[in-house]
Amino acid sequence: MTVNKTIMLSTKSIWQNTKTFFPLFESFIEKSDNPRPVVCIVGASDGRFVVPLARKNYDIIAVENDPIMINGGVVEGPNKTKINVLGLKERLKIEQLSSSVKIIENNFLDADLPFLVDAVFTSSTWDCTINHNSSLKEYINKMQVILKPSGLFCAEYMMPCEEKHLNVEHFLDERKINNFFNEDWQILEEFFTPVFIDEPHVGKIFPHNHRMGFFVAKKIK
Ligand SMILES: C[S@@+](CC[C@H](N)C(=O)[O-])C[C@H]1O[C@@H](n2cnc3c(N)ncnc32)[C@H](O)[C@@H]1O
């Protein structure tokens, strides 16, 4: 019998139409056979990944520093349209999931993270301009140190596909992510997309090129 695992939600993220390999991350967590893992989402935005994981009864720590993504507001969309953002807190309230999610309203790089988690996930965050003044090593290390033994580190990230990306270390080329993971880690999955055209979305109001990498590593020591 095929089980339909689609989880129906009442609210939507403003990011819902952009490319993600998040379901693959979910399948790795499921394989780990922990019925109630603690998962940290770095750059949680308005809850695109937080809400479905909380719906599965996982405990979530959501780190986000954009007040509009957390509390709601209006952002600019394509053709000068205005997009209403419900915000992470309101989405969680409507979905009746607030008690499963701890929100850390801060820049991830400045945040105190006095806990260990079973998995950490980030989607297209370290390439954001606010992170360019710190090294990528600092960002990735900060994700690594909050993992319990056997914890999963998963990231999807933007690769260089425009001239302006070439001088920014935060746009990682093929296999460069491996330099940040020593013998304490086992790489479970790694792949790269071809360059693709993305339709306008928040923050990029014209069609544009992207190339993405995806990576899952397990902490083995
Ligand atoms: C490009 S958006 C995320 C898009 C993602 N693909 C999705 O579907 O949710 C990046 C998000 O990460 C957040 N972010 C980036 N760097 C951050 C940091 N250092 N601390 C906290 N949040 C951060 C941004 O504010 C934004 O909400």
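In case you missed it, the structure is sitting above this.
Residues numbered from 1 in each chain as written. Predicted model: local features only at pLDDT ≥ 70, side-chain atom pairs only at ≥ 80, totals over all residues.

Q: Explanation requested: the overall build of the protein chain in the structure shown.
A: Along its length, the protein chain carries 5 helices and 11 strands. For 221 residues, the compact-globule estimate of 2.2 N^0.38 gives 17 Å, and the protein chain sits close to it at 17 Å. Counting only C-alpha atoms and orienting by the principal axes, one finds that the protein chain spans roughly 50 × 45 × 45 Å. For the protein chain, the proportion of its 221 residues judged to be buried stands at 32%. Sequence separation of at least 24 residues holds for 68% of the intrachain contacts in the protein chain that already meet a minimum separation of 6. (Helix = DSSP H or I, 4+ residues; strand = E, 2+ residues; numbered from the N terminus. Rg over C-alpha atoms; globule rule 2.2 N^0.38 Å. Buried ≥ 20, exposed ≤ 12 C-beta atoms within 10 Å, placed from the backbone. Contact = placed C-beta atoms within 7 Å.)

Q: Would you mind showing me how to read the site of the ligand here?
A: In the neighbourhood of the ligand, 20 residues make up the surrounding shell, with Trp15, Gly43, Ser45, Asp66 and Phe108 lying closest. Of the residues contributing to the shell around the ligand, the split by class is 7 nonpolar, 10 polar and 3 charged. (Near = placed C-beta within 6 Å. Nonpolar A, V, L, I, M, F, W, Y, C, P; charged D, E, K, R; others polar.)

Q: How do you make sense of the sheet that holds strand β5 (residues 101–105) when you look at a structure like this?
A: Two orientations exist for strands paired in a sheet by backbone hydrogen bonds: parallel and antiparallel. The 7 strands are arranged β5-β2-β1-β6-β7-β11-β8 in an open sheet whose pairing can be described as mixed. Of all the strands in the sheet, just β5 and β8 (185–192) have a single pairing partner and so form its edges. Between one strand and the next, the sheet's axes are offset by a mean angle of 15°, whatever the strand orientation. Examined bridge by bridge, strand β6 (residues 117–123) and strand β7 (residues 147–158) share 6 bridges and lie parallel to one another. (Pairing = 2+ DSSP bridges. Axes fitted to C-alpha atoms, helices over the stretch in contact; angles between N-to-C directions.)

Q: Any chance you could explain the pairing of strand β1 (residues 38–42) here in plain terms?
A: Moving residue by residue along a regular strand, the side chains alternate between the two faces of the sheet. In terms of burial, β1 is a largely internal element, 4 of the 5 residues being buried. Bridge count for β1 against β6 is 4 bridges, and the pairing is parallel. Looking at β6, one finds that Cys40 is bridged to Val120.

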